[in-house]
Amino acid sequence: KNEVEQSPQNLTAQEGEFITINCSYSVGISALHWLQQHPGGGIVSLFMLSSGKKKHGRLIATINIQEKHSSLHITASHPRDSAVYICAVFQNMYSGGGADGLTFGKGTHLIIQP
Amino acid sequence: DGGITQSPKYLFRKEGQNVTLSCEQNLNHDAMYWYRQDPGQGLRLIYYSQIVNDFQKGDIAEGYSVSREKKESFPLTVTSAQKNPTAFYLCASSTAGLYDEQYFGPGTRLTVT
């Protein structure tokens with residue numbers, strides 16, 4: 001089973017700051033997801049990536065398959081970005097991870113202060 | 001609007017009672033999932049279904065049961081055998097399997113006393 005570690009667990013920053021959230025995993029994967037959970041509990045998928053980099057608005061996600069590491073960056077952060085950000089990894093026999101499985105990190109709780 | 005609905009948002013039950021959580025989607029997705037979220041822990045997969053009339057156990061299926069009689073619906077029953085049923089339950093769906101981008105419902109917070 002994959003071990004997924006996110007850092008930091010909690011992050012408080014000022015509006016406008018550049019934010020980085022990290023995700024490391026232990027077993028080779030086929031895909032990595034970044035999710036956003038709002039205070040009410042609803043979850044939204046932000047990115048799915050298997051290599052390289054993706055950008056959507058002020059959000060950028062990168063992945064380094066060799067180092068088993070991904071980062072989520074937020075540029076020009078805003079109070080509405082305050083949420084829990086969750087990393088999830090999918091592994092299967094083709095990625096060297098055995099049976100199909102999706103493992104979630106515990107999340108990074110981000111607060112952006114005005 | 002396409003999406004996933006879960007009802008109710010809050011549910012209270014007495015210990016020893018079975019309770020069924022509803023999940024409906026109109027996204028025409030084949031795959032549906034149930035997750036449990038506890039404070040300080042990552043989401044854990046309870047059951048998933050990749051096609052009607054078929055479903056597989058996830059990591060923590062004990063004490064739970066599901067059915068998939070229609071493509072749009074994937075109800076979860078929390079039985080009295082589940083030792084710690086109080087949790088936040090999330091339903092999700094995707095076009096294919098676990099690999100795919102998932103769309104989540106708003107969740108049901110179940111409290112058992």
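The preceding data block contains the structure.
In short, a report on the structure. Note that the structure is predicted; figures quoted are calculated from it, not measured. (Residues numbered from 1 in each chain as written. Chains lettered and ligands numbered in written order. Predicted model: local features only at pLDDT ≥ 70, side-chain atom pairs only at ≥ 80, totals over all residues. Heavy atoms only, no water.)

**Some words on the overall build of chain B**
- For chain B, the count of helices and strands is zero helices and eleven strands.
- Reading chain B from its N end, one meets helices and strands in the order β-β-β-β-β-β-β-β-β-β-β.
- Taking 13 Å as the expected radius of gyration for a compact globule of 113 residues, we find that chain B reaches 13 Å, a close match to that expectation.
- Expressed as lengths along the three principal axes of its C-alpha atoms, the size of chain B is roughly 35 × 30 × 25 Å.
- Taken over 113 residues, chain B has a buried fraction of 48%. (Helix = DSSP H or I, 4+ residues; strand = E, 2+ residues; numbered from the N terminus. Rg over C-alpha atoms; globule rule 2.2 N^0.38 Å. Buried < 20%, exposed > 50% of the residue type's maximum accessible area, 1.4 Å probe, protein only.)

**Quick notes on the interface of chain B and chain A**
- The interface of chain B with chain A comprises 17 residues on the first partner and 20 residues on the second.
- Linking chain B to chain A there are zero salt bridges.
- Linking chain B with chain A are three residue pairs in polar contact (both at pLDDT 80 or more).
- Listing elements by their share of the side of chain B that touches chain A, those giving two or more residues are strand S4 (31–37) and strand S9 (87–94) of chain B.
- Residue composition of the side of chain B that touches chain A, by class: eight nonpolar, five polar and four charged. (Contact = heavy atoms within 4.5 Å. Salt bridge = Lys/Arg side-chain N within 4 Å of Asp/Glu carboxyl O. Polar contact = N/O pair within 3.5 Å; in protein donor to acceptor, adjacent residues only side chain to side chain. Nonpolar A, V, L, I, M, F, W, Y, C, P; charged D, E, K, R; others polar.)

**So, the sheet that holds strand S1 (residues 4–7) of chain B**
All names here are of chain B.
- Read across the sheet, four strands follow the order S1-S3-S8-S7 without closing on themselves; strand pairing throughout is antiparallel. Either end of the sheet is taken by a strand with one partner, and the two such strands are S1 and strand S7 (64–66). With strand direction ignored, the average angle separating the axes of adjacent strands in the sheet is 20°.
- Of the strand pairs in this sheet, S7 and strand S8 (residues 76–78) are connected by three bridges, and their pairing is antiparallel. Of the residues in S8, the one forming a bridge with Ser65 is Thr77. (Pairing = 2+ DSSP bridges. Axes fitted to C-alpha atoms, helices over the stretch in contact; angles between N-to-C directions.)

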